[in-house]
Amino acid sequence: MKTAVNTVSFTLNGEKKTFSTRPDEKLLDLLRREGYKGTKYGCGQGTCGACTVIMDGRAVYACLLYAMQAEGRKVRTIESMGTHDKPAPIQQELVAAGAVQCGYCIPGIIMSATALMEAEKDITDEVAREYMDGNLCRCTGYEKIWVALRKTIDRAAAEPAKKAPKGGKK
Amino acid sequence: MRPDLLVKPSSLAGLWKALPSLPRDRRYLAGGTDLMIAAGHGHAGDCWIDISGLKELKAFRETSSSVFIGAGLTIAELAEMTAVKKWLPALALCAPHYASPSLRNMATIGGNAANGSPCADGVCALLSEKAEIVLGLKGAKRKMPLHSFFLAPKRTALKKDELILGFEVPKWRHVSAYEKLGPRSYFGISKVTVCVSAELSAGLVKEAVIACASVAPVPLLARKAAEFLYGRRLDEGTISEAAALAQSETSPITDTRSEAAYRKAMVRVLAVRALSKLPA
Ligand SMILES: Cc1cc2nc3c(=O)[nH]c(=O)nc-3n(C[C@H](O)[C@H](O)[C@H](O)COP(=O)(O)OP(=O)(O)OC[C@H]3O[C@@H](n4cnc5c(N)ncnc54)[C@H](O)[C@@H]3O)c2cc1C
């Protein structure tokens, strides 16, 4: 049993980290305080999805978690995705589709899309839409986001076929 | 108000042992999706006990006559289970209507009941499936029909420190339909929900349970409507009469989400839809 701990340890973007925290600090606030500012504060009540991160493979809202609830878990933020110079496929497609306007929702969109692509195979539009249900965008409308997501999914689906001769089956 | 202390026991035994040493004003934290919002609005205790590490609450057991689901299972985990799809069709059907995917990854079925809200989707589904709720406090366990767990809005039968361990649902060969009316087709708290589970035999109703959410102070069983259906064929006349009975059993109020008169009118509409949708 842990009592009155003031630290929390979890794997953040593949690295084991320990942070000092307080019982009342939200995971979102800890991440931003520690410089992981790609994760955004939107509504603060689990509705808009701007703060979406991946915890143990599932998309969750960092605004509804206390930092200490992450103890021992694996957390991934937008910082684990591509960079300016080397964007991840979903990031390339979002830009190509013109899906990014103010950009505030995009980190959350990317994390939900990543959870979707890592958890599901043969992704139909219906499944994709269900996964993206908890992420709101107030600028571009969703059409361009769908286009980008569909292209990314189709690109990923085409890839193992290309690699198969070398890598064998997955 | 937020807690000054957050503790995380790793077993039930550890929890019961630690209780006496914790501040008196304490509560359990499961997914946090209700508690966190409540904490933003007012006092939410000095100490929160994170129960997400309790393996006992993640239990899933199946016997020849019943299915037990642990209170700590999330809606997403439940919706993915084959046994849930088979034996708890209403719970599986309600999942897509339950908040959003990220919320379903966090929200637990135990928290949905403990919160005591008449609009809870998981509760509405489980009610229609004749679930019993299993509670534990130190060594003592008790079990009661789920409907009798709810006393008033936000008031349940839980005693201080008592924990919901899970839900026991009898295996019965039923089909279900889940009709939720929210502010939009997905992701919103219900204005009215009607969930029907029924066992049909040669086209006749052998047994039916009708649960309604957001139309009474507590999650409601429309008993008269369900009794009326007994032994009948689900034709248009029967459905219409049963829906009218269900409507008469509700007592909705006007609040931020909807208006009493609209809710009342919609109970009937949703009951007709649900009964008409039941797979033959
Ligand atoms: C944006 C948003 C949308 C939502 N949409 C829906 C929806 O569509 N449908 C719906 O039904 N709900 C919805 N909810 C409400 C909420 O997600 C659910 O009620 C959820 O199931 C609560 O579970 P939790 O694990 O998050 O509970 P918590 O917030 O951790 O706890 C809720 C309460 O239950 C107590 N508690 C929790 N577990 C136990 C236990 N095992 N024993 C005893 N007490 C316990 C806690 O002390 C607390 O008082 C929504 C919430 C948000 C924020």
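Below or above, wherever it landed, is the structure these notes cover. (Residues numbered from 1 in each chain as written. Chains lettered and ligands numbered in written order. Predicted model: local features only at pLDDT ≥ 70, side-chain atom pairs only at ≥ 80, totals over all residues. Heavy atoms only, no water.)

1. Digging into helix α2 (residues 89-96) of chain A
Residue and element names in this part refer to chain A. Those residues of α2 not exposed but buried are Ile90, Gln91, Glu93 and Leu94. Looking down the long axis of α2, one finds its buried residues gathered within 165° of arc, a one-sided arrangement. Facing away from the buried side of α2, by more than 90 degrees, are the exposed residues Val95 and Ala96. (Buried < 20%, exposed > 50% of the residue type's maximum accessible area, 1.4 Å probe, protein only. Helix = DSSP H or I, 4+ residues; strand = E, 2+ residues; numbered from the N terminus. Arc of directions from axis to C-beta.)

2. Focus: the sheet that holds strand β14 (residues 220-221) of chain B
Residues and elements named next belong to chain B. Taken together, four strands build an open sheet; the order of strands is β11-β12-β13-β14 and the sheet is antiparallel. In the strand order of this sheet, the two ends are held by β11 (175-181) and β14, each with one partner. Sheet topology places β11 next to strand β12 (residues 192-201); seven bridges connect them, and they run antiparallel. Along β12, the bridge assignment pairs Lys180 with Thr193. Sheet strands touched by helix α11 (residues 260-277): β11 and β12. Its angle to β12, the strand with the most contacts, is close to 30°. (Pairing = 2+ DSSP bridges. Contact = heavy atoms within 4.5 Å. Axes fitted to C-alpha atoms, helices over the stretch in contact; angles between N-to-C directions.)

3. Details of the pattern of salt bridges
Side-chain pairs of opposite charge can arise where the charged atoms are in close proximity. Taken as a whole and judged by the stated rule, the model has 23 salt bridges over all chains. A salt bridge links A:Arg22 to A:Asp24; its shortest N-O distance comes to 3.0 Å. You can call A:Asp24 partly exposed: its relative accessible area is 22%. Here B:Asp25 and B:Arg27 are joined by a salt bridge, their closest N and O atoms 3.5 Å apart. Residue B:Arg27 is classed as partly exposed on the basis of its relative accessible area of 32%. Each of A:Glu25, A:Arg33 and A:Glu34 takes part in a single network of salt bridges with overlapping partners. (Salt bridge = Lys/Arg side-chain N within 4 Å of Asp/Glu carboxyl O.)

4. Points about the interface of chain B and chain A
Taken together, the contact pairs 34 residues of chain B with 27 residues of chain A. On the surface where chain B and chain A come into contact, there are two salt bridges. Between A:Arg58 and B:Glu80 there is a salt bridge; the shortest N-O distance is 3.1 Å. Counting across the interface, chain B meets chain A through five residue pairs in polar contact (both at pLDDT 80 or more). When residues of the side of chain B that touches chain A are traced back to their parent elements, those giving at least two are β1 (5-7), α1 (12-18), α2 (35-41), β3 (47-50), α3 (75-80) and α6 (101-106) of chain B. In terms of residue count, α6(B) provides more of the side of chain B that touches chain A than any other element does, six residues in total. Residues belonging to the side of chain B that touches chain A are distributed by class as follows: 20 nonpolar, seven polar and seven charged. (Polar contact = N/O pair within 3.5 Å; in protein donor to acceptor, adjacent residues only side chain to side chain. Nonpolar A, V, L, I, M, F, W, Y, C, P; charged D, E, K, R; others polar.)

5. Some thoughts on the side chain of B:Glu249
Residue and element names in this part refer to chain B. Examined against the element boundaries, Glu249 turns out to sit in helix α10 (residues 236-249). Only 2.8 Å separates the side chain of Glu249 from the backbone nitrogen of Arg223, close enough to count as a polar contact. With near-sequence residues (within four places) excluded, Glu249 lies in contact with Leu220, Leu221, Ala222, Arg223, Lys224 and Ala225.

6. Observations regarding empty space enclosed by the protein
Residue and element names in this part refer to chain B. For the coordinates displayed, the defined rule picks out two cavities of 30 Å³ or more. Roughly 40 Å³ of volume is contained in the second largest cavity. Together, His97, Lys180, Gly182, Arg184, Ser185, Tyr186, Phe187 and Gly188 line the second largest cavity. Of the residues in the lining of the second largest cavity, the class split is two nonpolar, four polar and two charged. (1 Å grid on protein atoms, 1.4 Å probe; cavity = no way out; pocket = protein on both sides within 12 Å on 5 of 7 lines; lining within 4 Å. Points joined across faces, edges and corners; volume = space filled by probe spheres on them.)

7. Let's talk about the site of the ligand
Residues in close proximity to the ligand total 35 residues, the closest being B:Tyr28, B:Thr33, B:Asp34, B:Tyr98 and B:Asp121. Neighbouring residues of the ligand are not confined to a single chain but are spread across chains A and B. Note that an oxygen atom of the ligand is positioned 2.7 Å from one of the backbone N or O atoms of B:Ala30. Between the ligand and B:Thr33, the relevant distance is 2.6 Å, taken from an oxygen atom to a side-chain nitrogen or oxygen of the residue. Starting from 1,000 Å² of accessible surface for the ligand in isolation, the protein chains cover 92%. Listed by contribution, the elements that provide at least two residues to the shell around the ligand are β2 (26-29), α2, α7 (109-114) and β10 (163-170) of chain B. Looking at the shell around the ligand residue by residue, the classes come out as 18 nonpolar, twelve polar and five charged. (Near = heavy atom within 4 Å. Areas by Shrake-Rupley, 256 points an atom, 1.4 Å probe, with all protein chains shown as cover.)

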